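If you want the building blocks of each chain, they are given just below.
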Amino acid sequence: MSNSDPQDEATQQRPWSEPSDAPASAPDPEEEAQAAPSWLGYPAESTEYTVPHTYTASGYADEEADEPGPDQYVSPPPPPAEHYAAPQYYDPPSADVPAGAGMVPPRAGARPPAPPADTHPTDEVPPAPPQQPAAAPPEYPAHYPAPNHHPGPSYPQQPQPGAPGQTFWPQAAPAAPAPAARPAAAPPPAAPPPPAAGAPPHESPRPEDLLVPDRPSISDAPATWGWRGRINKMSAGAIKPKAKPAELGHRKAVLDIQHGFSRPMTVVVIQPKGGAGKTPTTIGLAAALGAHRGGYVVGWDDNETRGTLAVRTVNRDSQRTTVWDFLGALPSFERLDARVGDLSYYVRSQGEAYFDALVSDDHPGNMAQIGEEEFRRIHAVLQRFYRIIVIDTGNNVRSPNWQAAVNAADVVVIPSTYQRDVGYSGSWVLDHLLQTGREDLAEHAVTVLTAADPTIDGKVRHELQRHFSARTQNVVEIPFDEHIATGGPIHWANLDDATRRAYTQLGAIVVSALVRRDLPQR
């Protein structure tokens, strides 16, 4: 099929000529090829190659086109390429074809194509593209009939990418209207005012703030003490009475005991008067710390002679090793490859109290004493394997090991019974700390008043409370307990509830004092 325009071939006519009597000449092959229009779809009879029409700015034309005759119709030239518009006419359809057939109207609710992937939306609405003026319809000659135009949907002419200035008709969908302007964004919140002079700096939120806090509230759980606790237990939790202030205070003490430190801490129990309750206080404090902290607590009997910690602690395996045996094996524990499991041979586990006991020598014929250097070496090894060391001391404040223990102390605990002479001895040791340059220990000292008898003189009790409250940081009272009064081994589980709660309160106060001593070194 040739590239000729069917409209041009249909409208072109050859000029008329008079018939002649001359014999007909042989038909020209080129004229026969032009006689049958190629737009009918039939191939030309001639097999010779014909030069296709070439499209120019003035339309389709052959290279050897003849000059048009006077009666030959010449189609008007199209407008320039940049303003070229497709002709808006076509052949009238037959009577059985309705007007507008073949044109696809735009789909209802059609939207413009999505923007390219590399575009980024902004808050500003882009301005609508400028509308180009529509090209004026071409003027036709008077002898050419007006086009039979059928109304139909109009389609905007949009330039296609890759062909600037060239337009195509028709398009698939009309241009979408410009999007409505978005509402103005709310103004940003005002910056907070700067902190006042001397106020602590504001900390920014941390990721840990989104987690559930590990420290539970002490008032969330129902009561477990007294008749309130019995109702909660009998109802299987259906009735949950709230805990009383005494129970809430005990819960807070347990949480305070579990506070961490930046280094191993040492607590020393001192009292020059014998029988003041140093050993029971050492056992009760170590048991409260171990039971609520989960271990890593040791009670050490640093008596310069024969102490009583071996008598008052539990010895289920009938161990006979003492601090002197441990001192003989000390070089093996001073090595870097020392193991905590090897230490269990020299200490006595206290079971449910979760602390170990390093007892002193009770051999009748041994006259040796632990000196300052021996104390320093033992204390250094114990700090490698335990977090809290509770030391029970003797009665001689001038002994080198007594002085070494006080020098290594972070907090001192002064026990006393409800007797004036024992109270006097405890107040005297505070003066000794002040006069030997240990003011910090005297300031953070904790006093423990222990009831050695079931009956207590109220007046003496009031005087002791008032005196030590003025000289020490806190005063804790331990009630009378038959299990302690027997003089045998002290089992944490066999103590009265009131006694265990009192030692727990003592442990919380001691840990709070340790925290205050630990903060300046962090």
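Heads up: the structure comes first, above all this text.
Here's a quick rundown of the structure. These figures come from a predicted structure and were not determined experimentally. Just so you know, the residues in each chain are numbered from 1, in the order the chain's sequence is written. Thresholds applied to this predicted model are a pLDDT of at least 70 for local features of residues and 80 or more for the giving and counting of side-chain atom pairs; totals over whole chains, interfaces and linings are not thresholded and use all residues. Only hydrogens and water are set aside when side-chain values are computed; all heavy atoms of the structure are taken into account.

Considerations on the environment of N395
Phase 1 of the analysis: Under the scheme used here, helices are H or I runs from DSSP no shorter than 4 residues and strands are E runs no shorter than 2 residues, and both carry numbers assigned from the N terminus. As for its position among the elements, N395 is in the loop between β7 (388-393) and α10 (400-407).
Phase 2 of the analysis: Only protein chains enter the calculation, and the probe is 1.4 Å; a residue is then buried if its accessible area is under 20% of its type maximum, exposed if over 50%, and partly exposed in between. On the basis of relative accessibility, which here comes to 39%, the residue N395 falls in the partly exposed class.
Phase 3 of the analysis: Spatially, the C-alpha atoms of N395 and K278 are 9.9 Å apart, while their sequence positions differ by 117 residues.
Phase 4 of the analysis: In this analysis, two residues are considered to be in contact whenever any of their non-hydrogen atoms come within 4.5 Å of each other. For N395, the contacting residues outside a window of four places in its chain are Q271, P272, K273, G274, K278 and E304.
Phase 5 of the analysis: Counted as a polar contact is a pair of N or O atoms within 3.5 Å, where, for protein atoms, one must be capable of donating a hydrogen and the other of accepting one, and residues adjacent in sequence contribute only when both atoms are in side chains. In this structure the side chain of N395 is engaged in a polar contact, spanning 2.8 Å, whose partner is the side chain of K278.

What about the pairing of β7?
Phase 1 of the analysis: Most of β7 sits inside the fold, with six of its six residues counted as buried.
Phase 2 of the analysis: Burial of β7 is two-sided: the residues I388, V390 and D392 facing one way and the residues I389, I391 and T393 facing the other way are all buried.
Phase 3 of the analysis: Pairing of strand β4 (residues 297-302) with β7 involves six bridges; the strand directions are parallel. Counted as the bridge partner of D301 is D392 from β7. Strands are treated as partners if at least two bridges between them are detected by DSSP.

Here we look at the packing of aromatic side chains
Phase 1 of the analysis: Only Phe, Tyr and Trp rings are paired, with Trp represented by its six-membered ring, and only when their centres lie within 6.5 Å; those with planes under 30 degrees apart are stacked, over 60 edge-to-face, the remainder tilted. Summed over all chains, the structure comprises six aromatic pairs.
Phase 2 of the analysis: An angle of 90 degrees between the planes, with centres 6.4 Å apart, marks the rings of F333 and F385 as edge-to-face. Of this pair, F333 sits in helix α8 (residues 330-333) while F385 sits in helix α9 (residues 372-385), placing them 52 residues apart in sequence. No difference in accessibility class separates F333 from F385, as the two residues are buried.

Focus: the pattern of salt bridges
Phase 1 of the analysis: The working definition used for a salt bridge is a side-chain nitrogen of Lys or Arg within 4 Å of a carboxyl oxygen of Asp or Glu. Counted according to the given criterion, the structure contains 13 salt bridges.
Phase 2 of the analysis: In this structure, the salt-bridge partner of D518 is R263, at a minimum N-O distance of 3.7 Å. Here D518 is found in helix α15 (residues 497-518), whereas its partner R263 is found in the loop between α4 (245-257) and β3 (265-269), with 255 residues between them in sequence.
Phase 3 of the analysis: Take D518: its relative accessible area is 1%, and that puts it in the buried class.

Here's the deal with the sheet that holds strand β6 (residues 356-358)
Strand pairs in the sheet, formed through backbone hydrogen bonds, run parallel or antiparallel to each other.
Phase 1 of the analysis: Taking strand neighbours across the sheet as the criterion, the eight strands line up as β5-β6-β4-β7-β3-β8-β9-β10 in an open arrangement whose pairing is mixed. Each of the sheet's edge strands pairs with one partner strand only, and the pair in question is β5 (348-349) and β10 (474-478).
Phase 2 of the analysis: Two strands pair when backbone bridges link them, and strand β8 (residues 411-417) and strand β9 (residues 446-450) are joined in this way by five bridges, in the parallel orientation. The residue of β9 that forms the bridge with P415 is V448.

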